[in-house]
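# Geometric and topological summary
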Amino acid sequence: MKPALKITAGLLLAVLLLTVGGGFWYVATKKPQRSGEVNLTRLSAPVSVRYDERGVPHIQAANEADLYRALGYVHAQDRLFQMEMVRRLAQGELAEVLGPKLVNVDKLFRTLRLREHAAKVAAALDTNSPAVKAQLAYLDGINQFQANHPAPMEFDLIGIPKRPFTLQDTVAVSGYLAYSFAAAFKTEPVLTYVRDELGDDYLAIFDLEWHPLGVLNQPTAAATPPDWQALARLAEVSREVQDLAGVPLFEGSNAWAVSGQRSSRGKPLLAGDPHIGFAVPSVWYEAHLSAPGFELYGHFQALNSSALLGHNNRFGWSLTMFQNDDLDLISLRTNPNNRNQVAHLGEWVDLQTTQEVIQVKGAKPVTLNLQRAPQGPVITSAFQDSLGTKPMAMWWAFLETDNPVLEAFYALNRADTLPKARAAASQIHAPGLNIVWANASGDIGYWAAAKLPIRPTGVQSMFILDGEEEESDKLGFYRFSDNPQEENPRRGYIVSANQQPLSGSGMPVAGYYNLYDRAQALEDRLGDDSIQWNALNSQSLQLSTQTAYYWRVLKPLLPVLSEVVRDPLERSVFDSLTLWDGQYTPLNIPPTVFTQFLYELTHAALADELGEMQFKNLLGTRALDLALPRLAADEESPWWDNLKTKKVESRQDTVGVAWHATVAHLKATLGTSPNDWGWGRAHTLTHKHPLASQKPLDWFFNVGPFEMPGGREVPNNQSTSIGPAPWAVAYGPSTRRIIDFAEPGQARGINPVGQSGVLFDRHYKDQAAAYAVGGYMQQYLLEPDVAANTRSTLTLQPARR
């Protein structure tokens, strides 16, 4: 080789090595530091942080201020980008860093007034309160990490500037949590559309009887027809939040507590698995906290110093979503002579108007005019070119209650007795949460925690209300003691799975509750007197994939399908469906056929009446799950007729259309042979990162896909909205926890992805494969276990002044 070529080749090799070396150096600077020493200001004494094999920090501090400052620091090491995204989402600031496609999401959250509300609440917090002191120390730990370390890789990729985290951010994020429970945004517009545009005969399939106020009076239409386009757009943007922002929504949950009389070792047993949208990183950050007088193994949400789930040797708790209706949509009539006034109780009332500016990366800022009616924020104006004559207001308990949620969870983290847990639960006003609690002393309890509004008699809050009338006003709130709750029930167990609760006080509780089938499946097992419960059979129950829902839908349709299905190959598929036991296991073919048929039946029956946008919104509601068994059983339902044809179709006609569409779609997407239609092939989970929509970043940031057992509204609730195959699992158990108080140090759990949100870190995805197959891992609580499983130790030292 000539000297010149040798030199050139050498230079190219050197450049390549430098580039590769520079890449390794860059990635290394972004990884969490889990050993050695780090100096922090405002520490009063050294803090030990021992990391186990899953990257869970076990923090020991001399006092609470140091403990929470250390928690903030280590939490930020692993999850700073998640913290940044969730605060920007809650405050309507995503477009500033992600560009124009996030403008509508920002409009939604500005319109919800979370930013404005958070500022007011944060300013009024008592900084001498132990809960607020803990939160301020935690935020200081986050800010010290951010100020003294390179920004996360995502900050560099999209140009996010650093700025301190504040109490306002924390309060705003609690508002996002409350928003994610608000089923009214998706459900009330479509139910009102069915009632007002189609009529009572069409409304009959929706299972409204469970609604405590639904039987009092027949619905009355709003004085002014709502703006269906604007309302549908609102629901559509609500659906986009998860897809575009990549911040998990809270969807449902399972939890149960078993008393010592029903457990194999004579002590209470607690199990819980909140159902939340999947993302990278996952919603929970696990940490074991220890300081004099306090110890807790907790699951922490971004920007919150108190654990939302937790346990220690003395007590523990889990959460499920109450699903109470704490949000009303209200139709307003505008003064034809003054568009800034609306009718209310016989008078024209001025709308309050403010203006905000949304900064947009790569585009001009967007000016947003926000208005407030007597009942609350006007929400439709953000999705119309002008206000027009049909504005819609929102009354939301989150904005109308004191809601001392920081105080509530700080107290719950220390609630080792029934009175303490009850008192902590009483301070949660919104969103509605079911607290399922147990302690080693033998007590179990459940409290539906929320401020429940008193609506005027006869009001049906599942429909849009008339803003001119008293029905849109609230008369106050019920007492916490009137809420559904149980303590040490005689039957020896408590089940909470988002079902309509029993109200011991007799008080009706409006809500958008989930199917009862999942709760019934848990109830049937837990109520079996022949079973003594332990950690192993509790795991089996959490991983169960069977309910009776499939049979409630199929049973009335099997004779119809038997007449429709004639092709020999299709007949074999139909026969397997008739013999199916309802298990959603990866190799099973019937769950694939049933799930596709469920969508095709829904589409064939309902899409022609609803139109494309309302139909899409209905697919994302719990109301549809409740409606389908009723539709299947009602041969005379008007939904069976296709309005787009001259013929009047029967149930058999429409069921036949749905069946043939099912087979055609599965052949086109999964293969011509039914042997290719296994559930695991069609039903997969990919944990998506917020930046993964930018190709080819998905190759690096996403985790998966994994073939998944489970399905929609079974105990192992690996779920998505009703739709066509293949199915990308959108939400499910965000952790699975089992604590047997005979040996709480042996509690077990799992993270769906990993502790770390830092790409290329060893804990970025180290639990994902185990989660997919139903694995559990020990959560170390006892000192010998922590010491034996420590992989590295980080010491936080007080910085010298």
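Scroll up for the structure.
Residues numbered from 1 in each chain as written. Predicted model: local features only at pLDDT ≥ 70, side-chain atom pairs only at ≥ 80, totals over all residues. Heavy atoms only, no water.

### Some words on the overall build of the protein chain
For clarity, the threshold we go by: Put simply, DSSP H or I for four residues or longer makes a helix, DSSP E for two residues or longer makes a strand, and each gets a number counted from the N terminus. Atoms counted for the radius of gyration: C-alpha only. Globule rule: 2.2 Å times residue count to the power 0.38. Categorising residues by exposure relies on relative accessible area from a 1.4 Å probe, with only protein chains included: less than 20% of the type maximum marks a residue as buried, more than 50% marks it as exposed, and the intermediate range marks it as partly exposed. Throughout, a contact is declared for two residues whenever any of their heavy atoms are within 4.5 Å. We get accessible surface area from the Shrake-Rupley algorithm with a probe of 1.4 Å; when it comes to residues, only the shown protein chains can shield them. Charge assignment in this entry is limited to Lys and Arg as positive and Asp and Glu as negative, and neither His nor the chain termini are counted. Note that the charge is assigned to NZ on lysines, CZ on arginines, CG on aspartates and CD on glutamates.
When you go through the protein chain residue by residue, the secondary structure sums to 27 helices and 30 strands. Relative to the globule expectation of 28 Å for 801 residues, the C-alpha radius of gyration of the protein chain, 27 Å, shows essentially globular dimensions. A total of 801 residues make up the protein chain; the buried ones form 62% of that total. For the protein chain, the share of sequence-separated contacts (at least 6 apart) that also reach a separation of at least 24 residues comes to 73%. Surface accessibility of the protein chain: about 29700 Å² in total, with carbon and sulfur atoms responsible for 53%. Of the charged side chains in the protein chain, 70 are positive and 83 negative, and the gap between their average positions amounts to 8 Å.

### Observations concerning the sheet that holds strand E3 (residues 57-60)
Sheet strands line up and pair through hydrogen bonds in the backbone, either parallel or antiparallel. This is how it is decided: Only when DSSP finds a minimum of two bridges between them are two strands counted as paired. Axis definition: a line fitted to C-alpha atoms, over the contacting stretch in the case of helices. Angles run 0 to 180 degrees between N-to-C directions.
In space, the eleven strands of this open sheet follow the order E1-E30-E2-E3-E6-E7-E8-E9-E18-E19-E21, with mixed pairing throughout. A single partner strand is all that each edge strand has here, and the edge strands are strand E1 (36-40) and strand E21 (485-487). Each neighbouring strand pair of the sheet contributes to a mean axis angle of 20°, computed without reference to strand direction. Strands strand E18 (433-439), strand E19 (444-449) and E21 of the sheet are contacted by helix H14 (residues 418-425), whose axis makes an angle of about 15° with E19.

### Remarks on the packing of helix H6 (residues 130-148) against helix H13 (residues 405-412)
Quick reminder of the rule: Roughly parallel here means an angle under 35 degrees, roughly antiparallel means over 145, roughly perpendicular means 65 to 115, and every remaining angle is called oblique. Gly falls in the polar group here, along with every residue not listed as nonpolar (Ala, Val, Leu, Ile, Met, Phe, Trp, Tyr, Cys, Pro) or charged (Asp, Glu, Lys, Arg).
At a minimum axis separation of 8 Å, H6 and H13 run at an interaxial angle of 95°. Put simply, H6 runs roughly perpendicular to H13. Contact with H6, carried on its side by Pro130, Ala131, Val132, Ala134 and Gln135, involves Leu406, Glu407 and Tyr410 of H13 and no other residues of that element. Class assignment of the residues belonging to the contact of H6 with H13 gives a composition of six nonpolar, one polar and one charged.

### Topic: the layout of surface pockets
Counted only if it meets this: Using only the protein atoms, space was sampled on a 1 Å grid; points where a 1.4 Å probe fits but cannot get out form cavities, open sets with protein on both sides within 12 Å along at least five of seven lines form pockets, and lining residues are those with an atom within 4 Å of a point. Grid points are joined across faces, edges and corners, and a volume is the space filled by probe spheres set on the points.
Computed from the structure, the second largest pocket encloses a volume of approximately 620 Å³. Looking at the second largest pocket, it is lined by 26 residues, and the ones nearest its centre are Val495, Gln499, Gln500, Pro501 and Leu502. Elements with a contribution of two residues or more to the lining of the second largest pocket: E21, strand E22 (493-496) and helix H15 (516-526). In terms of residue count, H15 provides more of the lining of the second largest pocket than any other element does, four residues in total. Of the residues that constitute the lining of the second largest pocket, the class distribution is twelve nonpolar, ten polar and four charged.

### Section: helix H19 (residues 568-579)
To keep it simple, the criterion reads: Expected helix span is computed as 1.5 Å times (number of residues minus one). It is the directions from the helix axis to the C-beta atoms whose arc is reported. Think of a polar contact as two N or O atoms within 3.5 Å of one another; within protein, one of them needs to be a possible hydrogen donor and the other a possible acceptor, and neighboring residues in sequence only count if both atoms come from side chains.
Here H19 spans 17 Å end to end across twelve residues, near enough to the 16 Å set by a 1.5 Å rise per residue. Among all positions in H19, only Glu570, Val573, Phe574 and Leu577 are buried. The buried residues of H19 occupy one face: seen down the axis, they fall within an arc of 100°. Away from the buried face of H19 by more than 90 degrees, exposed residues Pro568 and Leu579 are located. Contact partners of the buried residues in H19: helix H17 (549-554), helix H18 (558-564), helix H20 (590-610) and helix H23 (651-670). Capping the start of H19, Asp567 holds a side-chain oxygen 3.0 Å from the backbone nitrogen of Leu569, two or three residues further along.

### What about the sheet that holds strand E13 (residues 347-350)?
On the basis of which strands lie adjacent, the open sheet formed by three strands has the order E11-E12-E13 and antiparallel pairing. Each of the sheet's edge strands pairs with one partner strand only, and the pair in question is strand E11 (334-335) and E13. Summarising the sheet, strand E12 (residues 338-344) and E13 pair through four bridges and their orientation is antiparallel. Its bridge partner being in E13, Val342 is matched across the sheet by Val349.

### Here we look at the pattern of salt bridges
The cut-off we apply is this: Take a side-chain nitrogen of Lys or Arg and a carboxyl oxygen of Asp or Glu: if they are within 4 Å of each other, that pair is a salt bridge.
Tallied over the entire structure, the rule returns 38 salt bridges. Between Arg195 and Asp196 there is a salt bridge, and its shortest N-O distance comes to 2.7 Å. Residue classification places Arg195 among the buried positions, given a relative accessible area of 9%. A salt bridge links Lys474 to Asp328; its shortest N-O distance comes to 2.9 Å. Here Lys474, found in the loop between strand E20 (465-466) and E21, pairs with Asp328, found in strand E10 (residues 327-331); they are 146 residues apart in sequence, far enough to count as distant. Both residues of the pair, Lys474 and Asp328, belong to the buried class.

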